[in-house]
Amino acid sequence: MADAKVIPFDDDRSRARRRPGRTAGDAAVRALPGQHGPEDAPWPAVPVEAGNAGEAGKPADASEGVGAAGDRPGGAPGAEGRRSGWERRLAGGLSFLRRRVTGEYEVDEFGYDKELTDQVLMSLVRPLAEKYFRVDVKGVENIPAEGGALVVANHSGTLPLDGLMMQVAVHDSHPAGRHLRLLAADLVFMLPVVNELARKAGHTLACAEDAERLLRAGEIVGVMPEGFKGIGKPFSERYKLQRFGRGGFVSTALRAGVPIVPCSIVGAEEIYPMLGNAKTLARVLGIPYFPITPTFPWLGPLGAVPLPTKWTIQFGEPISTDGYSPEAAEDPMLMFNLTDQVREQIQHTLYKLLVQRRSVFF
């Protein structure tokens with residue numbers, strides 16, 4: 001299988017459109033947000049066979065008494081319309097597979113594969129968000145329609161499903177169709193299969209250098225400063241924010257000159273109520289914690305099924321950084337004040353959402 005060529009953000013070739021006559025195995029690097037070409041269309045049109053071509057400007061499958069979609073009187077779709085729809089889907093699927101095999105797809109220097117994310121990865125995660133957790137998204141319009149922004153959220157749930165749900169929320173709900181690029185812990189990129197999927201979905205290491213490059217490139221970057229302290233806290237401390245580190249995310253936003261968007265997530269704390277932590281076993285396995293819940297490890301793999309809680313994800317008013325110079329990122333007192341402001345805004349919103357919530361499951 002051919003590999004996609006990787007070109008840095010600042011290379012002029014990343015803005016070039018795919019030219020006709022390219023050899024199999026070549027792949028262009030994804031352009032920056034907002035720079036899409038015709039090749040980005042998810043399902044290409046089905047070529048019209050010569051024997052089926054109709055009059056000029058008329059669909060090939062049009063016939064007397066039947067519309068372009070095969071509709072019959074009364075609006076009921078006919079067999080021709082259904083067959084045409086399946087043919088288009090099949091052609092689109094085959095075209096997608098051909099591009100994967102020949103390497104004619106786009107990635108950026110971080111490994112982000114927009115086509116695979118939009119058509120496959122999001123399709124796999126979306127039912128979990130829409131049908132299982134029934135995520136209610138609020139305030140997504142607070143994320144700017146263009147340019148970079150840093151989304152800062154609380155972290156919980158024993159397993160990091162909240163990050164995936166936040167990514168789906170931005171991907172599906174934002175009016176401008178923005179994509180969220182999450183900063184993940186080193187452990188994510190040490191796991192064989194998870195590492196590759198995380199890169200393809202646009203995630204990268206939680207380091208200031210990668211975050212700043214993405215922000216300067218106009219991307220929406222997501223960070224959860226609580227880290228393992230938040231995701232692995234006991235159920236008795238649910239919805240109590242842990243320490244936000246030393247304010248590294250604030251200094252990154254200041255240097256890049258982008259707004260900070262606080263995000264509060266309710267519902268993740270109850271999917272795996274963590275009653276205990278087998279620390280000795282965690283050290284042996286080399287993981288931050290080994291959770292003990294009402295179902296895990298007692299029920300084995302079945303205990304890994306999350307409880308179907310009702311989620312709410314609310315994006316708050318952005319905190320502007322325009323009034324500060326890049327040198328302000330070196331001021332420790334300013335870092336502390338801004339970090340505390342973001343943390344307090346998230347905590348206050350969490351309490352407000354909890355008061356409004358009718359039930360954990362409804």
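This text follows the structure it describes.
Read on for a plain summary of the structure. If you're wondering where the values come from, they're calculated on a predicted model, not measured in any experiment. (Residues numbered from 1 in each chain as written. Predicted model: local features only at pLDDT ≥ 70, side-chain atom pairs only at ≥ 80, totals over all residues. Heavy atoms only, no water.)

**Digging into the pattern of salt bridges**
Definition in use: By convention in these notes, a salt bridge is any Lys or Arg side-chain nitrogen within 4 Å of a carboxyl oxygen on Asp or Glu. Only DSSP runs of H or I reaching four residues or more are called helices, and only runs of E reaching two or more are called strands; each is numbered from the N terminus. Buried residues are those whose accessible area, probed at 1.4 Å on protein chains only, stays under 20% of the maximum for their type, while exposed residues exceed 50% and partly exposed ones sit between those limits.
This structure, assessed with the given rule, holds 14 salt bridges. In this structure, Arg99 and Glu115 form a salt bridge, with 2.4 Å as the shortest nitrogen-oxygen distance. Residue Arg99 is found in helix α1 (residues 79-102), and its partner Glu115 is found in helix α2 (residues 114-132); the two are separated by 16 residues along the sequence. Under the relative-accessibility criterion, Arg99 is labelled buried at 6%. Across the pair Glu212 and Arg255 runs a salt bridge, and its minimum N-O distance is 3.3 Å. One end of the pair, Glu212, is in helix α5 (residues 208-216); the other, Arg255, is in helix α7 (residues 248-256), with 43 residues separating them in the sequence. What makes Glu212 buried here is its relative accessible area of 17%. Salt bridges sharing partners connect three or more residues here, namely Arg99, Arg100, Asp113 and Glu115.

**Describing the packing of aromatic side chains**
Put simply, the rule reads: Stacked, tilted and edge-to-face are the three classes assigned to paired rings of Phe, Tyr and Trp, where Trp is represented by its six-membered ring and a pair needs centres within 6.5 Å; plane angles under 30 degrees give stacked, over 60 edge-to-face, the rest tilted. In this analysis the charged atom, NZ for Lys or CZ for Arg, is taken to sit over a ring once it is within 6 Å of the ring centre and within 35 degrees of the ring normal.
Using the criterion set out here, one finds 4 aromatic pairs in the structure. With a centroid separation of 4.7 Å and 25 degrees between ring planes, the pair formed by Phe133 and Trp311 is classed as stacked. Residue Phe133 is located in the loop between α2 and β1 (136-138), and its partner Trp311 is located in the loop between β8 (291-292) and β9 (312-315); the two are separated by 178 residues in the primary sequence. Aromatic pair Phe290 and Phe296: ring centres 5.7 Å apart, planes at 40 degrees, arrangement tilted. Owing to a relative accessible area of 24%, Phe296 belongs among the partly exposed residues under this scheme. In this structure an aromatic cluster arises from ring pairing among Tyr132, Phe133 and Trp311. Geometry around Trp86 places Arg89 over its ring, the cationic atom sitting 5.3 Å from the centre. The ring of Phe189 is capped by Arg199, whose NZ or CZ atom sits 4.5 Å from the centre of that ring.

**As for the sheet that holds strand β3 (residues 180-184)**
As a reminder of what qualifies: In this scheme, strands are said to pair when DSSP sees at least two bridges between them.
Overall, mixed pairing links the 7 strands, which are arranged β1-β9-β6-β2-β5-β3-β4 in an open sheet. Looking along the sheet, the strands with just one partner apiece sit at the ends: β1 and β4 (204-205). Here strand β6 (residues 260-266) pairs with β9 via 4 bridges, running antiparallel. Across the sheet, residue Ile265 finds its bridge partner in β9, namely Ile313.

**Side note on the environment of Leu334**
Under the convention used in this document: Throughout, a contact is declared for two residues whenever any of their heavy atoms are within 4.5 Å.
With respect to the helices, strands and loops of the structure, Leu334 is situated in helix α9 (residues 332-356). We classify Leu334 as buried; its relative accessible area is 15%. Leu334 sits 83 residues away from Ser251 along the chain, and the two C-alpha atoms are 9.3 Å apart. What Leu334 contacts, discounting residues up to four positions off in sequence, is Leu254, Tyr324 and Ala328.

**Some words on α7**
A large share of α7 lies buried, amounting to 7 of its 9 residues. Every buried residue of α7 is listed here: Phe249, Val250, Ser251, Thr252, Ala253, Leu254 and Ala256. Elements that come into contact with the buried residues of α7 comprise β2 (149-153), α5, β5 (220-223), β6 and α9. Phi turns positive, to about 70 degrees, at Gly257, one or two residues after α7.

**Digging into the pairing of β2**
Most of β2 is tucked away: 5 of the 5 residues are buried. Of the two faces of β2, the one holding Ala149, Val151 and Ala153 and the one holding Leu150 and Val152 are both buried throughout. For β2 and β5, the ladder comprises 4 bridges, and the chain directions are parallel. Among the inter-strand pairings, Ala149 is bridged to a residue of β5, identified as Ile220. Examined bridge by bridge, β2 and β6 share 4 bridges and lie parallel to one another. Each bridged residue has a counterpart across the sheet, and for Leu150 the counterpart in β6 is Ile260.

**Describing the packing of α2 against helix α3 (residues 161-173)**
We count it as follows: Helix axes are fitted only over the stretch in contact, all axes being lines through C-alpha atoms; the angle between N-to-C directions runs from 0 to 180 degrees. Any angle between 65 and 115 degrees counts as roughly perpendicular, while under 35 counts as roughly parallel, over 145 as roughly antiparallel, and the rest as oblique. Here the nonpolar group is Ala, Val, Leu, Ile, Met, Phe, Trp, Tyr, Cys and Pro; Asp, Glu, Lys and Arg are the charged ones; every other residue, Gly included, is treated as polar.
Packing of α2 against α3 leaves a shortest axis separation of 10 Å and a crossing angle of 110 degrees. Between α2 and α3, the angle falls in the class roughly perpendicular. Facing α2, whose interface residues are Asp118, Met122, Val125, Arg126, Leu128, Ala129 and Glu130, α3 presents Leu164, Met165, Gln167, Val168, His171 and Asp172. A class-by-class count of the residues in the contact of α2 with α3 yields 7 nonpolar, 2 polar and 4 charged.

**Considerations on α5**
The set of residues buried in α5 consists of Asp210, Ala211, Glu212, Leu214 and Leu215. Packed against the buried residues of α5 are β2, β3, β4, β5 and α7. Where α5 terminates, the next one or two residues include Gly218, which has phi positive at roughly 90 degrees.

**Considerations on the packing of α7 against α9**
Packing of α7 against α9 leaves a shortest axis separation of 9 Å and a crossing angle of 105 degrees. Relative to α9, the element α7 lies roughly perpendicular. On α9, the residues touching Phe249, Val250, Ser251 and Leu254 of α7 are Leu334, Met335, Leu338, Thr339 and Val342. Classifying every residue of the contact of α7 with α9 gives 7 nonpolar, 2 polar and no charged.

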